[in-house]
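# Descriptive analysis of the structure
Take a look at the letters that make up each chain.
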Amino acid sequence: MSLVPRRGLPQILALIAILAIDRLVSTQFFDLRLQDGRLFGSLVDVFNRGAPVALLALGMVLVIATRGIDLSVGAVIAISGAIAASLADTHAWPVAVAAALGAGLLCGLWNGFLVAVLGIQPIVATLILMVAGRGVAQLITEGRIVTFTSPDLIWFGTGSVFGVPAPVVIVAGMLLVTGLVVRGSSLGLLIEATGGNPRASELSGVGIKMMIVAVYVWCSLCAALAGIIAAADIMGADANNAGLWLELDAILAVVIGGTSLFGGRFSLVLAVCGALIIQAMNTGILLSGYPPEFNLVVKAAVVLVVLLLQSPRLSGLTGALRKATTLRKARA
Amino acid sequence: MMRVSPVLVTALVFVAGFAICASQFPNFASTRVVANLLTDNAFLGVVATGMTFVIISGGIDLSVGSVIGFATVFVALTTERMGLPPLAAFAILLLLCAGFGAAMGAVIHFFDMPPFIVTLAGMFLVRGTSFLMSTESTPITAPFYVAVSDWGLALPGGGRLTAIALIMLCVVALGSILLHFTRFGTSVYALGGNRTAAALMGVPIGSMTVRIYMLSSVLAGIAGIVFSFYTAAGYSLSAVGVELDTIAAVVIGGTLLTGGQGSTVGTFIGVLIQGLIQTYINFDGTLSSWWTKIATGILLFLFIGLQQGMLKLATRSRARQAGVAKP
């Protein structure tokens, strides 16, 4: 399977179309300038602001491919951000980052344990952490908004590598690592097999329990990383609002990326592409001067259209139509 | 056959929790506290009753929180800016909600899409619409509102059973009758138990799905009205995240999230348990309100674990009855 599968064309065209609309709305959209050794511009902004959701989508797509779902990623963002922010000024940055990622690891293990070992429905299992996680995050920050000034940690949000913003580099790196691990081995195929038919895969020798735990752990790790970026971006952690409703954006990104909520085939690149589509829409609405409140309505419309396009009933209809026309042609 | 009813467990948890609270705070066991418990959670009780139907039928409705927010904004704007009498505003609002719920149910049924994602889109749509209508908090000053808020049944011991608490109790009672004593209710259970079997038995799946989501949205609309009585204001950000509290209340109330089993009474007690945790934290004064979330999470985990264990036991005993040896 190549990196960009053939079926990804609609998503890439959609992204290009939305970027083109953004260009119509704001003539400076594609302008780039170099300032203090970092690229600036609306296009860079789309990638930069889209980074947290792109990271979440990267983990979420694997979970959804196994026919699961992870509602707790927003709460994990809040927890990891809270930990990173409260350790940033008293400890070296590797300690803060490791602690935040460690928390993500624990959250993932918890979710994976509930889903794989106890056999609880994924929506319900991750709902527990979604509800309790934000409380835990507030426990860590003691209900305050914790701010920090450690430049090392702030780099994760505002730094740059050869002019490219750090969050974009992190997403690219994670995409590469995930792609190599999943597609470089047979792991991706096994994940798709599990999503397609868990019982059949288990009978044919796939260790689905271990794999499901691993997938949830990876998802939470991605979320923890997104939490560090989000905290670094505002130089603080707000347990109430960090990552609020981002799980929905992440699921949306995965769905836009063409992965079915019923599991099975998935594409990492297209999930990230879905996240960029969402962000490009947000940025476009902001640039056009419409109130940001429009965001939600537009998002709802996009979800519906994408879902209708993916709906088995509708594809059955178009399939039947196509069959009818070919029959008619054959008869003529 | 010995079977522990999940509702009984929920009720025991509530009684035990109440006893603990009452033993720590001497003034806790009073009609005043109980009446406040009902008033403060009135909107949650109403919306959770609707969610119970949806979840028993095997679905989920994430849009209820946004519908509550929309309802408060709609009522505030129509009564304050357009001068509509509140009762007319309520009628229009409930019609809108019914239409919205029916549309979601229709999309779920006719396009064969997961309820989770359809109602998620509905949640975005409704929240976005209420943002577009107003982003500010609009106070409601209609005399009708003042009259309703002032009204209350005096209970012995200083408690006041408010109008909104009564609305909630009525909704729970009517919901129980609808669920347990009508053809509609039986069909809801059948749908959640096994969709194919229900269809083969002649349950009209399509119209049932539409009606169930309609019911949930209308009850969310009523919950919004109750919420607007409670706060006397319309605000597009109100009731954010209430869908989670609602689902939690339903699960704690012993309803199976896979559908087919549950009750409105259990949900009602689930709502009260959440309210009890909040009240305890208010009484204590040193605990912070985020403990509510953690405690709710722990309770959720315990109840889901209990359900899972009971399901396993049930399938094992069924297998034994059928003479199937477990491999």
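Small disclaimer: the values here were computed from a predicted structure and weren't measured.

## Observations regarding the overall build of chain A
Within chain A, the regular secondary structure consists of 14 helices and 6 strands. Whereas a compact globule of 332 residues would reach a radius of gyration of roughly 20 Å, chain A reaches 21 Å, a difference of no more than 12%. For chain A, the C-alpha atoms occupy an extent of roughly 80 × 55 × 35 Å along the three principal directions. Across the 332 residues that make up chain A, the buried fraction comes to 50%. Long-range contacts, defined as pairs at least 24 residues apart, comprise 78% of the intrachain contacts of chain A with a sequence gap of at least 6.

## Some points on the interface of chain A and chain B
Listed per partner, the contact involves 33 residues of chain A and 34 residues of chain B. Among the secondary structure elements, those contributing two or more residues to the side of chain A that touches chain B are helix 5 (122-141), helix 11 (246-256), helix 13 (294-310) and helix 14 (312-331) of chain A. Examining the composition of the side of chain A that touches chain B, we find that 12 residues originate from one element, helix 5 of chain A, more than from any other. Here the side of chain A that touches chain B is composed, by residue class, of 23 nonpolar, 6 polar and 4 charged.

## Remarks on the packing of helix 2 (residues 42-65) of chain A against helix 12 (residues 268-287) of chain A
Each pair of packed helices can be summarised by the angle the axes make with each other and by the distance between the axes. Residue and element names in this part refer to chain A. Axis separation between helix 2 and helix 12 bottoms out at 7 Å; the angle between their running directions is 140 degrees. Taken together, the axes of helix 2 and helix 12 are oblique relative to one another. Considering only the axes of helix 2 and helix 12, their crossing is right-handed. Taken together, the residues of helix 12 that come into contact with helix 2 (itself represented by Ser42, Asp45, Val46, Arg49, Gly50, Val53, Ala54, Ala57, Leu58 and Val61) are Leu268, Ala271, Val272, Gly274, Ala275, Leu276, Ile278, Gln279, Ala280, Thr283 and Leu287. Partitioned by chemical class, the residues of the contact of helix 2 with helix 12 number 14 nonpolar, 5 polar and 2 charged.

## Structural notes on unusual backbone geometry
We note that Arg67(A) has phi near 75 degrees; this positive angle belongs to a residue other than glycine. Of note, Arg67(A) is situated in the loop between helix 2 and helix 3 (73-88). Although it is not a glycine, Ala232(B) sits at a positive phi angle of roughly 55 degrees. Following the sequence through the fold, Ala232(B) ends up in the loop between helix 11 (205-231) and strand 4 (233-234).

## Here we look at the domain arrangement of chain A
Residue and element names in this part refer to chain A. As far as domains go, chain A holds domain 1 (7-290) and domain 2 (297-332). Placing the centre of domain 1 and that of domain 2 at their C-alpha centroids yields a distance of 31 Å. Listed by partner, the interface residues are 6 residues for domain 1 and 5 residues for domain 2. If you list the elements that add at least two residues to the side of domain 1 that touches domain 2, you get helix 11 and helix 12. In terms of residue count, helix 11 provides more of the side of domain 1 that touches domain 2 than any other element does, 3 residues in total.

## Observations concerning helix 4 (residues 93-117) of chain A
Taking 1.5 Å of rise per residue, 25 residues should cover 36 Å, and helix 4 of chain A covers 35 Å from first to last C-alpha, within 8% of that figure. Where helix 4 of chain A ends, the next residue or the one after it, Gly119(A), has phi of about 70 degrees, a positive value.

## Quick look at the environment of Gly236(A)
Residue and element names in this part refer to chain A. Considering the arrangement of structural elements, one finds glycine 236 in strand 6 (residues 236-237). Between the C-alpha atoms of glycine 236 and phenylalanine 148, which are 88 residues apart in sequence, the distance is 5.9 Å. Ignoring any residue separated from it by four or fewer positions in sequence, one finds glycine 236 in contact with Ala85, Ile145, Val146, Thr147, Phe148 and Ala231.

## What to know about the packing of helix 2 (residues 31-40) of chain B against helix 8 (residues 163-181) of chain B
Residues and elements named next belong to chain B. One can describe the packing of helix 2 onto helix 8 by two numbers: an axis separation of 8 Å at closest approach and a directional angle of 70 degrees. As far as their axial angle goes, helix 8 and helix 2 are roughly perpendicular. Residues Ala35, Leu38 and Thr39 of helix 2 lie in contact with helix 8, whose contacting residues are Ile164, Ala165 and Met168. Of the residues assigned to the contact of helix 2 with helix 8, the class counts are 5 nonpolar, 1 polar and no charged.

## Side note on the nonpolar core
The biggest cluster of nonpolar side chains holds 210 residues, and the ones touching the most others in it are Ala57(A), Val47(B) and Val226(B). Ranked by the residues each element gives to this core, the list is headed by helix 10 (residues 208-234) of chain A, at 20 residues. The two domains that each donate at least three residues to this core are domain 1 (7-290) and domain 2 (297-332) of chain A. Not counting residues within four places of it along the chain, the set of residues in contact with Ala57(A) comprises Ala250(A), Ala253(A), Val254(A), Ala271(A), Val272(A), Gly274(A) and Ala275(A).

Conventions we followed
Residue numbering note: each chain is counted from 1, following its sequence as written. Lettering of chains starts at A and numbering of ligands starts at 1, both following the order in which they are written. Two thresholds apply to this predicted model, a pLDDT of at least 70 for residue-level local features and 80 or more for giving and counting side-chain atom pairs, whereas whole-chain, interface and lining totals are computed over all residues. Runs of E in the DSSP output that reach at least two residues are strands. Runs of H or I that reach at least four are helices, and both are numbered from the N terminus. This radius of gyration counts C-alpha atoms alone. The globule rule is 2.2 Å times how many residues there are, raised to the power 0.38. Exposure classes come from backbone-placed C-beta atoms, where a residue is buried if 20 or more other C-beta atoms lie within 10 Å of its own, exposed if 12 or fewer do, and partly exposed in between. By the convention adopted here, residues are in contact when the distance between their C-beta atoms, placed from the backbone, does not exceed 7 Å. Side-chain classes follow a simple rule in which Ala, Val, Leu, Ile, Met, Phe, Trp, Tyr, Cys and Pro form the nonpolar group, Asp, Glu, Lys and Arg form the charged group, and the remainder, Gly included, forms the polar group. Inter-axis angles, ranging from 0 to 180 degrees, are taken between N-to-C directions of lines fitted to C-alpha atoms, where helices are fitted over the stretch in contact. Oblique is the label for any angle not under 35 degrees, not over 145, and not in the 65 to 115 range, which are roughly parallel, roughly antiparallel and roughly perpendicular in turn. Here is the rule for handedness: rotate from the far helix to the near one, and if that takes an anticlockwise turn smaller than a right angle the crossing is left-handed, while a clockwise turn gives right-handed. The domain limits used here are those given by an automatic or database domain assignment. In this scheme, a helix's expected span is set at 1.5 Å multiplied by one less than its residue total. Each nonpolar core consists of buried Ala, Val, Leu, Ile, Met, Phe, Trp, Tyr and Cys residues. Their C-beta atoms, within 7 Å, join them into a set.

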